[in-house]
Amino acid sequence: MDKIKLLQARREQLLKAGKAVRQDIEALVDKDSFVELSTFSFSQSEFFDGNAEGEGVVCGFATIEDNPYYIIAQNSAVLSGGVSKANCEKMLKCLEQAEKNGAPVIYMLSTLGVRVGEGVNVLEGLASLILKATQLKDSVSQYLIVNGEVYGQIALLAGICDFTFFIGKKSVLAANSPLVITAAGGENLPKEKVGGAEALGKTGLTSFVVKDLAEIKSKITLLTEFVEVGVRDCGENDLNVSLPALNKKADGKSLLNVFDKGSYVELGASSCPEIKCYLARIGGITVTSVIFDNDSGVKLCAGKARKLNGFAEIACRYNLPFITFVNTLGIKETPEVADSPVIKELCRYVDTLSCMGSAKISVVYGKAVGLGYTLFAAKSMGYDFTYAFANAKIALFDSVQGAEIELATDGKANSAKLAEKYADENSDPVNAAKGGYVDNIIEPAFVRQYLIASLQMLIM
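As the structure is a computational prediction, the values presented were derived from the model and not from experiment.

Draft legend 1. Broad picture of the overall build of the chain. Looking only at helices and strands, one finds 18 helices and 17 strands in the chain. Looking at the chain residue by residue over its 460 residues, the buried ones come to 50%. Taking as baseline every contact in the chain between residues at least 6 positions apart, the subset at least 24 positions apart corresponds to 73%.

Draft legend 2. Highlighting the side chain of S141. With respect to the helices and strands, S141 occurs in the loop between helix 4 (120-135) and strand 5 (142-151). For S141, a relative accessible area of 3% puts it in the buried group. Engagement of the side chain of S141 in a polar contact is seen with the side chain of Y318, the distance being 2.7 Å.

Draft legend 3. Expanded view of the pattern of salt bridges. The tally for this structure, following the rule as stated, stands at 16 salt bridges. Ionic pairing is found between E36 and R22, a salt bridge with its closest N-O pair at 2.8 Å. Here E36, found in strand 1 (residues 35-37), pairs with R22, found in helix 2 (residues 19-28); they are 14 residues apart in sequence, far enough to count as distant. Between K132 and E99 there is a salt bridge whose closest N-O contact spans 3.0 Å.

Draft legend 4. Broad picture of the state of the cysteines. For the structure shown, the criterion picks out 0 disulfides. There is no disulfide at C59, and the cysteine sulfur nearest it, in C94, is 4.7 Å away.

Draft legend 5. Structural context of the nonpolar core. If you look at the biggest cluster of nonpolar residues, it comprises 91 residues, and the most contacted ones within it are I106, F163 and F165. Counting residues per element, this core draws most heavily on helix 11 (residues 302-317), which supplies 7 residues. Residues within four places of F165 in sequence aside, it is in contact with Y143, L144, I145, V146, F208, V210, I216, K219, I220 and L223. Residues A98, L109, L144 and A158 belong to the second largest nonpolar core, which totals 34 residues.

Draft legend 6. Broad picture of the side chain of D260. Mapped onto the fold, D260 is located in the loop between helix 10 (245-248) and strand 9 (264-267). Residue class for D260 comes out buried when judged on its relative accessible area of 9%. Within the structure, D260 has its side chain in polar contact with the backbone nitrogen of G284 (distance 2.8 Å). Excluding its chain neighbours within four sequence positions, the residues that come into contact with D260 are C234, R281, I282, G283, G284 and R448.

Draft legend 7. The environment of T286, seen in detail. Tracing the backbone shows T286 in strand 11 (residues 285-292). Judged by its relative accessible area of 1%, T286 is buried. For the pair T286 and L455, spaced 169 residues apart in sequence, the C-alpha to C-alpha distance is 9.8 Å. In contact with T286, other than residues within four places in its own chain, are F226, V229, G230, A280, R281, L320 and P321. Reaching out from T286, the side chain makes a polar contact with the backbone oxygen of F226 at a distance of 3.1 Å. A distance of 2.8 Å separates polar atoms of two side chains, one belonging to T286 and the other to R281.

Draft legend 8. Summary view of the pairing of strand 4 (residues 105-111). Along strand 4, 7 of the 7 residues are buried, which leaves the element largely enclosed by surrounding structure. Where burial is concerned, the two faces of strand 4 agree: the one with V105, Y107, L109 and T111 and the one with I106, M108 and S110 are both buried. Bridge count between strand 3 (residues 67-74) and strand 4: 4 bridges; the pairing is parallel. Note on strand 4: the bridge partner recorded for I71 is I106.

Draft legend 9. Local environment of the packing of aromatic side chains. Under the counting rule described, the total for this entry stands at 12 aromatic pairs. Taken together, the aromatic side chains of Y69, Y143 and F163 make up a single cluster linked through ring pairs.

Draft legend 10. Expanded view of the environment of G297. Examined against the element boundaries, G297 turns out to sit in the loop between strand 11 and strand 12 (298-300). For the pair G297 and V326, spaced 29 residues apart in sequence, the C-alpha separation works out to 8.6 Å. If we skip the residues at most four places from it in the chain, G297 touches N327 and L329.

Draft legend 11. A look at the pairing of strand 3. Most of strand 3 sits inside the fold, with 6 of its 8 residues counted as buried. Here strand 2 (residues 57-64) pairs with strand 3 via 8 bridges, running antiparallel. Paired with V58 across the bridge in strand 3 is A73. In sequence, strand 2 turns back onto strand 3 through a hairpin of 2 residues, with E65 there showing a positive phi of about 50°.

Draft legend 12. Looking closely at helix 13 (residues 342-355). An ideal rise of 1.5 Å per residue puts 20 Å on 14 residues; helix 13 measures up with 20 Å between its terminal C-alpha atoms. Residues of helix 13 that are buried: V342, E345, L346, Y349, T352 and L353. In a view along the axis of helix 13, the buried residues occupy a sector of 115°, so they form one face of it. Residues of helix 13 that are exposed and angled more than 90 degrees away from the buried face: I343, K344, C347, S354 and C355. Residues of helix 13 that are buried in the fold lie against strand 12, helix 11, strand 13 (322-331), helix 12 (335-338), strand 14 (360-369) and helix 14 (371-376).

Rules and cut-offs
Residues numbered from 1 in each chain as written. Predicted model: local features only at pLDDT ≥ 70, side-chain atom pairs only at ≥ 80, totals over all residues. Heavy atoms only, no water. Helix = DSSP H or I, 4+ residues; strand = E, 2+ residues; numbered from the N terminus. Buried < 20%, exposed > 50% of the residue type's maximum accessible area, 1.4 Å probe, protein only. Contact = heavy atoms within 4.5 Å. Polar contact = N/O pair within 3.5 Å; in protein donor to acceptor, adjacent residues only side chain to side chain. Salt bridge = Lys/Arg side-chain N within 4 Å of Asp/Glu carboxyl O. Disulfide = S-S within 2.5 Å. Core = buried A, V, L, I, M, F, W, Y, C linked by side-chain atoms within 4.5 Å. Pairing = 2+ DSSP bridges. Phe/Tyr/Trp six-rings, centres within 6.5 Å; stacked < 30°, edge-to-face > 60°. Expected span 1.5 Å × (residues − 1). Arc of directions from axis to C-beta.

In structure tokens form, the structure reads like this:
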């Protein structure tokens, strides 16, 4: 028997079964850089004829812009990408090697669920995979690409990974089949209405919605640079740039000029758009930054609090400076929000903030009122520096009317005194500065210089 020819025939069979998924891998990584591992893994399905070539998953390592990554790509052409115990063991082996070598992991998922003939065996496999992915959170970066339809327990990886990509309408993610979900709800919805990026807008699972794998490749390259290279030279001139336009108007769009030119990427743009979360550079220093973007001030709900907490966890995990641009009033006053996990989520945020070992800076550019001040600007919350724009507002209540409503049960409340105390001129940030709670009242045009100087002091 010619073993060489036999090997060639077997490899040809594998390549034929995994042609599409290998093309996807090649589109993502540097040319000819992918090296496959555990190539010849086979098992017989109890419910389906034929072998599960490669266990329906392709694993290996490659480079993207010369940076190393481990790749786990499910092959939907083999038993619909069905998850088996052997499938999980193959993926687990790849994760263990990534952990050993300290290299990031990229999952390319496409599966209709578990192979039903395996019973409890596959559940044990999934448990080991999910546990290992969770344990990797503090040691390597994990990226997840929803590369088609992803149903079943393996969808939990989307909640574990640092960054998750949805490809237009192609990507659908759900813990159960959309048919089961819609049937249980008595509706007949298309799958994208159940597990598409737009349908999952409140879950916090969607970091990016992209056009194709080429865009994912560029995003992963940028993200890797942010989290792996903490400081880079941006030139002496860029360190001293002022932003006079901020003196006229400061909002979510104009504040982007605080970041180094072209050096920022927004996470989770498709959910809770009033909370904008960025990985960026300021003066060449990688930072995480939250901008509360609403002209009247952002009011919090459970979804917004959940997004804040998830982003703070990323800052904590990568030990990156955390900068908050505050224009916040507190919790939204509706029955629906009152009967929601908003308080629990905000307490989780405080817990994450307290565990954060990196620099924390607050800039009140709009309103910091009530809880909006306590959580996002108070020195006692652990902020290393708190700055306020000259035209910012820091107060217990947003208005005289707000104070009167809050104190309506107190028959002794003096309306005239309330009007005086909560008039606009008495919400001047200078009053907070007098108590030592604000480090400086600054002209908006110079906020970039203040941030650069503060970052250099805190991390250098």
